[in-house]
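The chain contents come next:
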Amino acid sequence: MSRPIKLVSPGAANPAPFAVEPAAHAPKGAAMRELAYAEIKRRIMACEFRPGEPLNEAQLGALLGLGRTPIHQALHRLEVEGLVQILPRKGVLVTPLSLNDVLDMIEVRATNEVLCVTLAAERAHPADLEAMRAIVDASPALIEQRDIAALAALDLKFHLAISAASRNRVLAELLRGLHEKQARFWFLSLSEPQHLQNVYDEHLAVLDALERRDVPAAREAIREHIDEFRRTIIRTL
């Protein structure tokens, strides 16, 4: 059985790292559904709504200033994504974290991230590499400030930039889903003070290899990045 994990959130005062933009110019009903989905998902991903925490539709509506219908629809959408559990006669719970789940995801991610950097090293445009360099260059100031939410956003942005550079939309969508599912574990790993610096160093190694179009080095760097995440999670639990 999967082992549930009690998570200590590093705080929720920072900007949202996993926001989903509601569709522009959507009809009011659709816009409200998208807003409810985006806000609830953001709070789950940033551990503002903690693993295992019950969610009440009326309270969510009051918190977000939305009616029951968009909240209800958003929760069912999040259930499909595995972020909440809707239990008959018990209500809605934020899906608990489990070590088994994240280790399974890391296995899938490891194989596909290696493919992704291989393609990116071969296909990245100069503008892709410039965008990655700007993302990585923004890290030191945020590490110094220990701005966890902004660093989480930056980590996701870096990996999405690599996915975009691979020019494979199916692969990019798969990896985005894995990163989102692992986001709450990313917050958990931040209890290790050295982890933020390690992530920055690992991103630098990946980017340096991509800029040199060095496929073997890029593959090795991304493997080390994922392995360090695995080791950190296991040490932290």
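None of the values given here were measured: they were computed from a predicted structure. (Residues numbered from 1 in each chain as written. Predicted model: local features only at pLDDT ≥ 70, side-chain atom pairs only at ≥ 80, totals over all residues. Heavy atoms only, no water.)

1. Here's the deal with the overall build of the protein
Here is step 1: The helix and strand inventory of the protein stands at ten helices and five strands.
Here is step 2: By the burial criterion, 47% of the 237 residues in the protein qualify as buried.
Here is step 3: Here the analysis covers contacts within the protein between residues at least 6 apart in sequence; of these, 77% occur between residues at least 24 apart.
Here is step 4: Here the protein has roughly 11,700 Å² of accessible surface; of this, 55% comes from carbon and sulfur atoms. (Helix = DSSP H or I, 4+ residues; strand = E, 2+ residues; numbered from the N terminus. Buried < 20%, exposed > 50% of the residue type's maximum accessible area, 1.4 Å probe, protein only. Contact = heavy atoms within 4.5 Å. Areas by Shrake-Rupley, 256 points an atom, 1.4 Å probe, with all protein chains shown as cover.)

2. Some points on the pattern of salt bridges
Two side chains bearing opposite charge may form a pair once their charged atoms approach each other closely.
Here is step 1: All chains considered together, the criterion is met by 19 salt bridges.
Here is step 2: Notably, a salt bridge pairs Arg68 with Glu57, separated by 3.5 Å at the nearest N-O pair. Highlighted residues: Arg68 in helix H3 (residues 68–80) and Glu57 in helix H2 (residues 57–64), separated in sequence by eleven residues.
Here is step 3: The salt bridge involving Arg212 is made with Asp214; its shortest N-O contact spans 3.5 Å. (Salt bridge = Lys/Arg side-chain N within 4 Å of Asp/Glu carboxyl O.)

3. As for the sheet that holds strand E4 (residues 91–94)
Here is step 1: Reading across the sheet, the three strands line up as E2-E4-E3 and stay open at both edges, with antiparallel pairing between neighbours. Each of the sheet's edge strands pairs with one partner strand only, and the pair in question is strand E2 (54–55) and strand E3 (84–87).
Here is step 2: Where E3 and E4 come together, four bridges link them in antiparallel fashion. Paired with Val84 across the strands is Val94, a residue of E4.
Here is step 3: Strand contacts of H3: E2, E3 and E4, with the helix running at about 110° to E3, the strand carrying the most contacts. (Pairing = 2+ DSSP bridges. Axes fitted to C-alpha atoms, helices over the stretch in contact; angles between N-to-C directions.)

4. Some words on the confidence of the model for the protein
Here is step 1: Summarising the model, the protein shows a mean pLDDT of 87, and 87% of its residues fall at 70 or more.
Here is step 2: Here strand E1 (residues 4–5) is the element of the protein with the lowest mean pLDDT, 42, and helix H5 (residues 126–137) is the one with the highest, 98.
Here is step 3: Of the regions scoring below 50 in pLDDT, residues 20–27 engages in eight contacts with residues more than four places distant in sequence or in other chains. (pLDDT = per-residue confidence, 0-100.)

5. Some thoughts on the packing of H5 against helix H9 (residues 195–211)
Any two packed helices are characterised by the angle at which their axes cross and by the distance between the axes.
Here is step 1: It is at 10 Å that the axes of H5 and H9 come closest, and there the two elements cross at 160°. Considering the angle they form, H5 stands roughly antiparallel to H9. As H5 runs across H9, the sense of the crossing is left-handed. For the pair H5 and H9, contact is made by Leu129, Met132, Arg133 and Val136 and by Tyr200, His203, Leu204, Leu207, Asp208, Leu210 and Glu211, respectively. (Parallel < 35°, antiparallel > 145°, perpendicular 65-115°, else oblique. Left-handed = near helix turned anticlockwise from the far one by under 90°.)

6. Description of the nonpolar core
Here is step 1: The biggest cluster of nonpolar side chains holds 50 residues, and the ones touching the most others in it are Val102, Met132, Phe158, Ile162, Trp186, Val206 and Leu210.
Here is step 2: The greatest single-element share of this core, amounting to ten residues, is contributed by helix H4 (residues 99–123).
Here is step 3: Setting aside chain neighbours within four positions, we find Val102 in contact with Gln182, Phe185, Phe229 and Ile233.
Here is step 4: Formed by 19 residues, the second largest nonpolar core is a distinct cluster that contains Leu55, Leu64, Leu83 and Val94. (Core = buried A, V, L, I, M, F, W, Y, C linked by side-chain atoms within 4.5 Å.)

7. Considering the pairing of E4
Along a regular strand, successive side chains alternate from one face of the sheet to the other.
Here is step 1: Sheet topology places E2 next to E4; two bridges connect them, and they run antiparallel. Bridging across to E4, Pro54 finds its partner in Leu93.

8. Side note on the packing of aromatic side chains
Here is step 1: Here the structure, examined in full by the defined rule, presents zero aromatic pairs.
Here is step 2: Between the NZ or CZ atom of Arg77 and the centre of the ring of Tyr37, over which it lies, the distance is 3.5 Å.
Here is step 3: The ring of Phe229 is capped by Arg109, whose NZ or CZ atom sits 5.9 Å from the centre of that ring. (Phe/Tyr/Trp six-rings, centres within 6.5 Å; stacked < 30°, edge-to-face > 60°. Lys NZ or Arg CZ within 6 Å of the ring centre and 35° of its normal.)

9. So, unusual backbone geometry
Here is step 1: Unlike most non-glycine residues, Arg146 shows phi in positive territory, near 50°.
Here is step 2: Residue position: Arg146 is located in the loop between helix H6 (139–145) and helix H7 (148–165).
Here is step 3: On the basis of relative accessibility, which here comes to 41%, the residue Arg146 falls in the partly exposed class.
Here is step 4: Even without glycine at this site, Arg213 takes up a positive phi of about 60°.

10. Topic: the side chain of Ser139
Here is step 1: Inspection of the secondary structure puts Ser139 in helix H6.
Here is step 2: Assessed through its relative accessible area of 7%, Ser139 is described here as buried.
Here is step 3: Not counting chain neighbours up to four residues away, the residues in contact with Ser139 comprise Leu151, Leu154 and Tyr200.

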